[in-house]
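# Structure assessment
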Amino acid sequence: MYVFSPFRLSETTDVQKKIRAAFEAFDYELNNTVNVREIGTIIYSLGCFPSQKDLHDFIAKVEEDHTECIHLDKFLPAMTKVLLEHKFPPIPEDTLLQAFEVLDKEKKGYLEPEELTKYMTQEGESFTQEEMDEMLTALADREKNCIYYKDIISQLTIDPDK
């Protein structure tokens, strides 16, 4: 039986390669599973920015019977659908820059890790301290101990045409 799909096979294959690579980066035991805590990071790395509710709903669909493990066999088709249907759209660079500029009240061009941590853990859909530690490790300038937000915006966004 043939099922019509609006997506080209090559497009689906390319998307699945990206998903598999992102997933495997967190498959520390090389058993095609990741801890449920890594799913948000994987999804963000693929250029998707779900709300906390959407993220929890997605995890509920793919988690193995509340074991806190996500298997690639369940994650891959679910995430492929998300990417091909452009769910959880990326945040435009100019919007992200404006958000950082609002936080940078003194117009320094950077934020200090403590300052960003305060905003990200106490406002809106808050991040955990563990998520903040991972983010700061990846984004902070180690020598000057600050986040030059104009330099990292391209790392936090994705070109939807690629």
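Right above here is the structure, for reference.
Read on for an overview of the structure. Please read all numbers here as calculations on a predicted model, not as lab measurements.

So, about the environment of Phe 58. Within the secondary structure layout, Phe 58 lies in helix H3 (residues 52-62). By relative accessible area, Phe 58 is classed as buried at 4%. Along the sequence, Phe 58 and Met 79 sit 21 residues apart, while their C-alpha atoms lie 8.9 Å from each other. Non-local contacts of Phe 58, meaning those with residues more than four positions away in its chain, are made with Ile 39, Ile 43, Phe 75, Ala 78, Met 79 and Val 82.

Geometrically, a pair of aromatic rings is defined through the distance of the ring centres and the angle of the planes. Tallied over the full model, the rule gives six aromatic pairs. Residues Tyr 44 and Phe 49 carry aromatic rings whose centres are separated by 5.9 Å and whose planes lie at 15° to one another, so their mutual orientation is stacked. Judged by its relative accessible area of 25%, Phe 49 is partly exposed. Judged by centre distance (5.2 Å) and plane angle (5°), the ring pair of Phe 100 and Tyr 149 falls under stacked. A residue pair is termed long-range when its members are at least 10 positions apart, and Phe 100 in helix H5 (residues 93-103) and Tyr 149 in helix H8 (residues 149-156) qualify at 49 residues.

With that settled, the discussion passes to the environment of Ser 51. Following the sequence through the fold, Ser 51 ends up in the loop between helix H2 (39-45) and H3. A C-alpha to C-alpha distance of 7.8 Å links Ser 51 and Phe 88, two positions 37 residues apart in sequence. Polar contacts involving the side chain of Ser 51 include one to the main-chain amide nitrogen of Asp 54, which spans 3.1 Å.

Before going further, it helps to spend a moment on the side chain of Thr 80. By the element assignment, Thr 80 lies in helix H4 (residues 72-84). Polar side-chain contacts of Thr 80 include one of 2.6 Å to the backbone oxygen of Leu 76. For Thr 80, the contacting residues outside a window of four places in its chain are Thr 12, Val 15, Gln 16 and Ile 19.

Here we come to helix H6 (residues 113-122). Residues Pro 113, Leu 116, Thr 117 and Tyr 119 constitute the buried set of H6. Seen end-on, H6 carries its buried residues on one side only, within an arc spanning 165°. Seen from the open side of H6, the exposed residues pointing more than 90 degrees away from its buried face are Glu 114 and Gln 122. Buried residues in H6 make contact with H5 and helix H7 (129-139).

Pairs can form between side chains of opposite charge once their charged atoms are near each other. Evaluated as defined, the whole model comprises three salt bridges. Between Lys 87 and Glu 85 there is a salt bridge, with its nearest N and O atoms 3.6 Å apart. Of the charged contacts, one joins Lys 108 and Glu 115 as a salt bridge, the two residues approaching to 3.6 Å between their closest N and O atoms. Here Lys 108 falls in the partly exposed class, since its relative accessible area comes to 28%. Here Glu 115 falls in the partly exposed class, since its relative accessible area comes to 21%.

Between H3 and H4, the shortest axis-to-axis distance is 9 Å and the interhelical angle comes to 140°. Relative to H4, the element H3 lies oblique. The way H3 lies across H4 gives a crossing that is right-handed. Each of Phe 58, Lys 61 and Val 62 in H3 lies in contact with H4, whose residues at this interface are Lys 74, Phe 75, Ala 78, Met 79 and Val 82. Of the residues belonging to the contact of H3 with H4, the class tally is six nonpolar, no polar and two charged.

Cut-off values and rules
Residues numbered from 1 in each chain as written. Predicted model: local features only at pLDDT ≥ 70, side-chain atom pairs only at ≥ 80, totals over all residues. Heavy atoms only, no water. Helix = DSSP H or I, 4+ residues; strand = E, 2+ residues; numbered from the N terminus. Buried < 20%, exposed > 50% of the residue type's maximum accessible area, 1.4 Å probe, protein only. Contact = heavy atoms within 4.5 Å. Phe/Tyr/Trp six-rings, centres within 6.5 Å; stacked < 30°, edge-to-face > 60°. Polar contact = N/O pair within 3.5 Å; in protein donor to acceptor, adjacent residues only side chain to side chain. Arc of directions from axis to C-beta. Salt bridge = Lys/Arg side-chain N within 4 Å of Asp/Glu carboxyl O. Axes fitted to C-alpha atoms, helices over the stretch in contact; angles between N-to-C directions. Parallel < 35°, antiparallel > 145°, perpendicular 65-115°, else oblique. Left-handed = near helix turned anticlockwise from the far one by under 90°. Nonpolar A, V, L, I, M, F, W, Y, C, P; charged D, E, K, R; others polar.

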